[in-house]
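Structural overview
The chain contents come next:
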2 protein chains.
Amino acid sequence: MFAVTILGNNSAVPTNERYPTSQVVTYHDRLFMIDCGEGTQMQIARYKIRRSKIDHIFISHLHGDHYFGLIGLINSLSLIGRVNPLYIYGSPQLKEIIDLQLNCAATVLNFKIIFTPLLPESTGILLEGKDMRVHYFNTQHRIPCFGFLFEEIKNKRKILPDKARESGIPAAYFSQLQQGKDCINKEGELIKNELVTEPPTPARKYAYCADTLYDEQLIPHIYQSDLVYHETTYLQDQLHRATQRFHSTTLQAATIALKANVKKLIIGHFSSKYEDINSFEEECKTIFPNTELAVQGATFCI
Amino acid sequence: MFAVTILGNNSAVPTNERYPTSQVVTYHDRLFMIDCGEGTQMQIARYKIRRSKIDHIFISHLHGDHYFGLIGLINSLSLIGRVNPLYIYGSPQLKEIIDLQLNCAATVLNFKIIFTPLLPESTGILLEGKDMRVHYFNTQHRIPCFGFLFEEIKNKRKILPDKARESGIPAAYFSQLQQGKDCINKEGELIKNELVTEPPTPARKYAYCADTLYDEQLIPHIYQSDLVYHETTYLQDQLHRATQRFHSTTLQAATIALKANVKKLIIGHFSSKYEDINSFEEECKTIFPNTELAVQGATFCI
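In short, a report on the structure. The shown structure was predicted, so the numbers you read here are calculated from the model rather than taken from an experiment.

On to the sheet that holds strand β6 (residues 113-117) of chain A, then. All names here are of chain A. What the 7 strands build is an open sheet, ordered β6-β5-β4-β3-β2-β1-β18; its pairing is mixed. Of all strands in the sheet, those bounded by a partner on one side alone are β6 and β18 (299-301). Neighbour-to-neighbour, the strand axes of the sheet open up by a mean angle of 20°, direction not taken into account. Pairing of strand β1 (residues 2-8) with strand β2 (residues 22-27) involves 6 bridges; the strand directions are antiparallel. Among the inter-strand pairings, F2 is bridged to a residue of β2, identified as Y27. Taken strand by strand, helix α2 (residues 70-79) contacts β3 (30-36), β4 (54-58), β5 (86-90) and β6, and its axis lies near 170° from that of β5.

Put into structure tokens, the structure is as follows:
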């Protein structure tokens with residue numbers, strides 16, 4: 001399973017119904033949190049997210065609607081007995097904020113926080129496992145802000161078991177085949193790899209574009225992703241206000257999705273001035289038809 | 001109107017249904033907030049509290065379940081256009097936490113924060129207006145912690161209009177009568193004050209005891225209050241755990257209410273290990289019958 005679940009989809013001033021930004025990416029049995037606005041831990045309880053499975057938390061930037069819930073979540077994880085280290089990625093001052101708040105409460109956590117500072121203007125790979133890696137990249141916002149790309153690693157060729165058997169290749173050589181190497185069969189003949197394997201299935205990608213102005217520099221980072229989240233704080237008629245506040249409109253998000261040739265777009269970070277958010281989807285669809293609202297509690301498979 | 005509305009009643013780990021501690025005291029058209037756990041601004045929206053009327057926020061101590069919602073509320077008040085100063089009372093480091101978080105976000109508030117530090121072991125009057133004063137006092141907790149007493153000021157004697165008229169006292173002298181002074185009537189006779197007035201109605205008092213061990217030193221501070229909030233993190237069978245964690249049980253809260261000769265007790269700060277909180281009320285009532293649960297959204301008139 002590779003999917004993202006929406007915990008909060010609102011911008012700065014939360015309403016009773018729409019909580020500030022947070023998402024959880026599930027990759028098989030591991031959970032990765034992106035942003036953690038106020039009330040995220042209540043949303044975790046509401047949507048029955050297995051909080052103990054969250055080992056990595058990525059904070060895009062230090063506007064409160066993206067991280068004010070983090071200290072509460074950390075506190076609660078300790079109180080419910082977490083012992084595994086928690087990896088947090090964010091602007092350097094985030095560590096200072098966490099430490100100050102823990103010190104004031106004389107709190108000693110039951111687990112270690114392993115903090116990776118994201119330096120302004122930096123970009124690269126944050127995390128790489130055997131089957132998944134996480135990249136980060138800059139977005140254009142009022143303060144340093146980062147997007148994240150979750151990319152499956154699929155570098156093993158798929159063995160065609162019937163063909164491999166027919167060619168007389170012993171099972172002991174299968175891992176060589178997966179790596180693309182040719183093999184010698186039981187009769188001593190060289191068997192070309194492409195006769196008994198096929199290319200890896202394409203690696204799936206989910207991109208989270210955080211808060212940002214319309215910015216075509218995002219395109220190479222998110223190009224051909226299966227799913228992209230892009231903020232749409234405002235409808236198109238508020239283009240001027242969006243630009244002033246370093247945010248995007250519906251048509252801007254849809255244009256980025258179109259130009260980046262992605263499969264599907266989800267939109268969120270709605271301004272609390274909108275009670276009804278359906279127009280966001282309608283406007284985006286005029287440019288990029290495969291758009292959906294990042295509704296709270298919804299899970300999008302990647 | 002003099003009343004308190006419960007916004008959150010849970011202890012450290014919030015559940016989906018029970019939010020961490022926050023209350024709003026209404027005195028006529030002014031609102032005073034006590035504590036501000038995570039999600040308080042969502043509860044304000046849920047229970048339709050007029051957030052613009054909150055001018056004073058009292059933070060009992062720096063455990064997160066009592067203040068993690070404050071920075072989000074401050075941020076939102078600025079975004080929705082507050083310009084009036086906001087008075088905040090709390091441990092000195094609270095100011096440092098607020099400033100650090102505002103600085104990291106490059107946020108300049110539209111209003112001034114006027115911060116009063118509550119120094120460990122201090123006690124006294126925090127705020128005194130013409131009709132209400134707020135005292136603070138120490139409670140026994142793991143870190144410095146304060147309770148608050150909201151006390152009406154009723155020092156004007158009530159004029160008996162019929163008697164005053166019969167005695168021939170001109171209306172111009174009524175404010176002197178309210179102050180307890182004798183008056184000369186139209187015929188030049190001295191009229192004793194107690195003939196034409198009666199004593200002020202008793203001043204009403206609401207006491208908030210924050211987080212605390214069982215502590216009889218609280219009693220003089222809350223004596224004969226009309227309404228007292230006392231925490232009951234645990235039922236009585238968890239007395240040992242309560243004491244270890246500097247919290248109180250049901251019977252301890254009820255005993256304090258009884259010994260302080262108060263009119264009514266409300267209880268809260270329930271541990272999240274309890275799904276059903278009705279037993280809290282039942283246990284307290286065995287010692288202090290006029291006990292009620294601090295249910296979220298409930299308003300208690302004082």
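Next up on the list: helix α9 (residues 250-259) of chain A. Residue and element names in this part refer to chain A. Counting buried positions along α9 gives 7 out of 10 residues, so the element sits mostly inside the fold. Looking only at α9, the buried set comprises T250, Q252, A253, A254, T255, I256 and A257. Contacts made by the buried residues of α9 are with α7 (219-222), β15 (227-231), α8 (239-244), β16 (264-268) and α10 (278-285). Downstream of α9 by a residue or two, N261 has a phi angle that is positive, lying close to 55°.

Another point: the environment of A:Q252. Residues and elements named next belong to chain A. Note on placement: Q252 falls in helix α9. For Q252, a relative accessible area of 15% puts it in the buried group. C-alpha separation for the pair Q252 and T291, spaced 39 residues apart in sequence, amounts to 13 Å. In contact with Q252, other than residues within four places in its own chain, are Y214, Q236, L239 and H247.

Rules used in this analysis
- Residues numbered from 1 in each chain as written.
- Chains lettered and ligands numbered in written order.
- Predicted model: local features only at pLDDT ≥ 70, side-chain atom pairs only at ≥ 80, totals over all residues.
- Heavy atoms only, no water.
- Pairing = 2+ DSSP bridges.
- Helix = DSSP H or I, 4+ residues; strand = E, 2+ residues; numbered from the N terminus.
- Axes fitted to C-alpha atoms, helices over the stretch in contact; angles between N-to-C directions.
- Contact = heavy atoms within 4.5 Å.
- Buried < 20%, exposed > 50% of the residue type's maximum accessible area, 1.4 Å probe, protein only.

Function cannot be read off these values alone, since they describe shape.
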